[in-house]
Structures are given as C-alpha cells and as structure tokens.
Amino acid sequence: MKKIVRFGLGFVALLVCCFALAAAPTAKKNLDKGGKYMGDKIVKTDAEWKKLLTEEQYNVLRKEGTEAPFKNPYWDNHAKGMYLCAGCGLELFVSDTKFESGTGWPSFYQPAFPQNVASTVDKSWGMIRTEVHCPRCGGHLGHVFDDGPKPTGLRYCINSASLKFVPENKK
C-alpha cells in the first residue's frame, strides 16, 4: 500500500511540474535561419514588462517611443565597454564602434554581432525609415541610417533608455 501511495504522489508531482512548465512559456524558439538571432525569444506580458522596466524604458522598448536628445545617459559616454539590451541583456553594441554623430543619441556604426540587432521598415511619422530592435525580446532600440562613418557607412541611432552599459572592467 505504501508503494502505491508513493507512486501516486510521485506521479502527481510529475504532472504538476509538467503543467507548470507548459503554463509558463517565457521563452519561444526562434527558428529563423536567415542569419538572424537563433536563440530563445523572451515573451512577457505588458504587466511583466512594466514591473521590469522604468517608465522611460517601457515607453521606448515596448511602445517604440523616443527619448529627448542630449538629455540621456549614453549620448556622451566615452567609457570602454559593452552596451546591452535594457530589456533582456543581449549584447548589442561595443563602445569601439560608437561615434559622435551630433544627434544627441548614442550612435554606432555596427552591432557587436550582426544577428543581435534586427530591423524592420518603419513608415511612421510620414517617413520611411529602418527601425532596429532586439531580436530576443523585441524591444525597440532606435533606427539605422546610411549616413554613418566608414567602414560600414551606417549610423545606428539608439535610445539610451533601450541600453544598459557594462564597463569593460566589469564584464
């Protein structure tokens, strides 16, 4: 009788674990093979994002807002290090690719890894631009323009609110 009870309790515990895993899908596989980010996608509810992010980060990353130029923490940051997605921590840009664009936002001529910055066409505000976003959490980062310096000729104009800077000595 004790063996049956132990087996039953073990089976119930197994079922509870399976249901818990199935009911909380926080990550979804990205199977896109076109050179895009191949890791897990982070999926959260709006309420979860609001708890995780500051009001400004939420506005930029989740609502595709834009912060004020020249009044953000990284436009004039010259320290060596890595810029991560403020939503999920994915490595986006290396400080060595940051340059002075005069726009008031952090600007980079290339991502740390090409697959770590995704893009889509943005037709808002009566313009056609290329929006860039984090491929892991879907957070809006900014836009990319073709008026940047060599070697790429690109200018990734990124909102500081979408970034978290990690100094080189803290990696």
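Parameters and conventions
Residues numbered from 1 in each chain as written. Predicted model: local features only at pLDDT ≥ 70, side-chain atom pairs only at ≥ 80, totals over all residues. Heavy atoms only, no water. Pairing = 2+ DSSP bridges. Helix = DSSP H or I, 4+ residues; strand = E, 2+ residues; numbered from the N terminus. Buried < 20%, exposed > 50% of the residue type's maximum accessible area, 1.4 Å probe, protein only. Polar contact = N/O pair within 3.5 Å; in protein donor to acceptor, adjacent residues only side chain to side chain. Contact = heavy atoms within 4.5 Å.

Now, about the sheet that holds strand 9 (residues 140–145): what can you tell me, with residues and values included?
Reading across the sheet, the six strands line up as 5-6-10-9-8-7 and stay open at both edges, with antiparallel pairing between neighbours. Each having just a single partner strand, strand 5 (98–99) and strand 7 (118–122) make up the two edges of the open sheet. Looking at chain direction, strand 9 and strand 10 (residues 155–158) are connected through four bridges and run antiparallel. In the sheet register, Phe 145 faces strand 10, and the bridge partner there is Arg 155.

A description of the pairing of strand 10 should follow, citing residues and the corresponding values.
Side chains Arg 155 and Cys 157 project from strand 10 onto one buried face, and the interleaved Tyr 156 and Ile 158 project onto a second face that is buried too. The pairing of strand 6 (residues 107–108) with strand 10 spans two bridges and is classified as antiparallel. Within strand 10, the residue paired with Phe 108 across the bridge is Tyr 156.

Provide a residue-level description of unusual backbone geometry, including the pertinent values.
The omega angle of the peptide bond from Lys 150 to Pro 151 is 10°, so this bond is cis rather than trans. The phi dihedral of Phe 70 falls on the positive side, at around 65°, and the residue is not glycine. By the element assignment, Phe 70 lies in the loop between helix 3 (55–61) and strand 3 (81–85). We classify Phe 70 as partly exposed; its relative accessible area is 43%. Although it is not a glycine, Trp 125 sits at a positive phi angle of roughly 60°.

Please provide a residue-by-residue account of the side chain of His 140, values included.
Tracing the backbone shows His 140 in strand 9. A polar atom in the side chain of His 140 sits 2.8 Å from the side chain of Glu 131. Setting aside its immediate chain neighbours within four residues, His 140 contacts Val 60, Leu 61, Glu 64, Gly 65, Glu 131, Val 132, His 133, Asn 159 and Ser 162.

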